[in-house]
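# Structural overview for review
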Amino acid sequence: MFPIKDDVPSRSVPYLTWLIVVVSTLIFLIETPAMIQKWGFVPARFWMGGDEVNMITYAFLHGNLLHIFGNMYYLYIFGDNVEDGLGKVGYIALFLTSAILGAFFHAVAYPHSLAPLVGASGAISGILAAYMIMYPTARIYTVIWWWIYEIPAYYYIGLWIAMQYFYALTGVESGVAWWAHIGGFVGGIPFGIIGRFIRREGRYWDV
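So, a few notes on the structure that sits alongside this text. For every chain, the first residue of the written sequence is number 1, and numbering continues from 1 onward in sequence order. For this predicted model, a pLDDT threshold of at least 70 governs which residues receive local features, and a threshold of 80 or more governs which side-chain atom pairs are given and counted, while totals over whole chains, interfaces and linings are taken from all residues. Computation of side-chain values: all heavy atoms of the structure, hydrogens and water removed.

### Overview of the overall build of the chain
Each helix and strand in the chain was counted, giving eight helices and three strands. Ordered by position from the N terminus, the helices and strands of the chain form the series β-α-α-α-α-α-α-β-β-α-α. Here the C-alpha coordinates of the chain stretch approximately 50 × 35 × 30 Å along the principal axes. Exposure categories follow from relative accessible area, calculated using a 1.4 Å probe and restricted to protein chains: below 20% of the type maximum is buried, above 50% is exposed, and the middle band is partly exposed. Per-residue burial over the chain gives 47% buried out of 207 residues. Counted over contacts in the chain with a minimum sequence separation of 6, partners at least 24 positions apart contribute 77%. To measure how exposed things are, a 1.4 Å probe is used in the Shrake-Rupley method; for residues, cover is taken only from the protein chains shown. Total accessible area on the chain is roughly 10,500 Å²; 72% of this is exposed by carbon and sulfur atoms. The chain carries 10 positive and 12 negative side-chain charges, and their two centres are separated by 5 Å. Every helix listed is a DSSP run of H or I at least four residues long, and every strand listed is a run of E at least two residues long, numbered separately from the N terminus. Should any heavy atoms of two residues lie within 4.5 Å, those residues are counted as being in contact. None of His or the chain ends enter the tally, which takes Lys and Arg as positive and Asp and Glu as negative. In plain terms, the charge of a residue is placed at NZ if it is Lys, CZ if Arg, CG if Asp and CD if Glu.

Right, dumping it as structure tokens:
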């Protein structure tokens, strides 16, 4: 399934979403193995009393072109509406919280790992969770083979997180940090609840 757009109009300019895309892309262009080793999140190093700052910095590093493209594309599709609903402060709090929880879940799952964790997937997973709660019946225009389907957000994202959990339990594609995705998703749930029920009057999307 490949999403191409949704049907939720943004009511504000998603400056933070664009900023994250630009900063992540610029960092990727100058990235070196030494930077990944220094600023990536290493579970074994974390449990020894380090890498606290790296629970955030790893989210701005990426392993390859496909990795950063996939993450930034999902951020582009879903981030603008979540930023619009939560506001700038709430959105950056969501991004950072989900990144931190993603790193923590990964560290619990692989406590002795010396391989650096990189990528914004954990943070973006939190954005997906918030989107699903805030806009559950929004339509995600999705390409499946050569057809385009309108899939409700709760189904699309619900299936997505179910797949992450299945992969985490079965060890499919072990090089992917599935538990970081799950941790980030958990981090996004309270922000989605806040965005749906406590936003100022008139800023709710009618669902």
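What follows continues from the structure just given.
### Some thoughts on helix α8 (residues 178-197)
Expected helix span is computed as 1.5 Å times (number of residues minus one). Helix length check: α8, at 20 residues, gives a terminal C-alpha distance of 29 Å against a target of 28 Å (1.5 Å per residue), a fit within 8%. The quantity called bend is, for any residue, the angle between two axes fitted respectively to the seven residues ending at it and the seven beginning at it. The sharpest bend along α8 measures roughly 25° and falls at Ile 189, with the proline Pro 190 sitting one to four residues further on. If you check which residues of α8 are buried, you get Trp 178, Ala 180, His 181, Ile 182, Gly 183, Gly 184, Phe 185, Gly 187, Gly 188, Phe 191, Gly 192 and Gly 195. For α8, the secondary structure elements touched by its buried residues are α5 (65-109), α6 (121-134) and α7 (153-170).

### Re helix α1 (residues 15-30)
Between its terminal C-alpha atoms α1 stretches 23 Å, which fits the 22 Å expected from 16 residues at 1.5 Å a residue. The elements touched by buried residues of α1 are α5.

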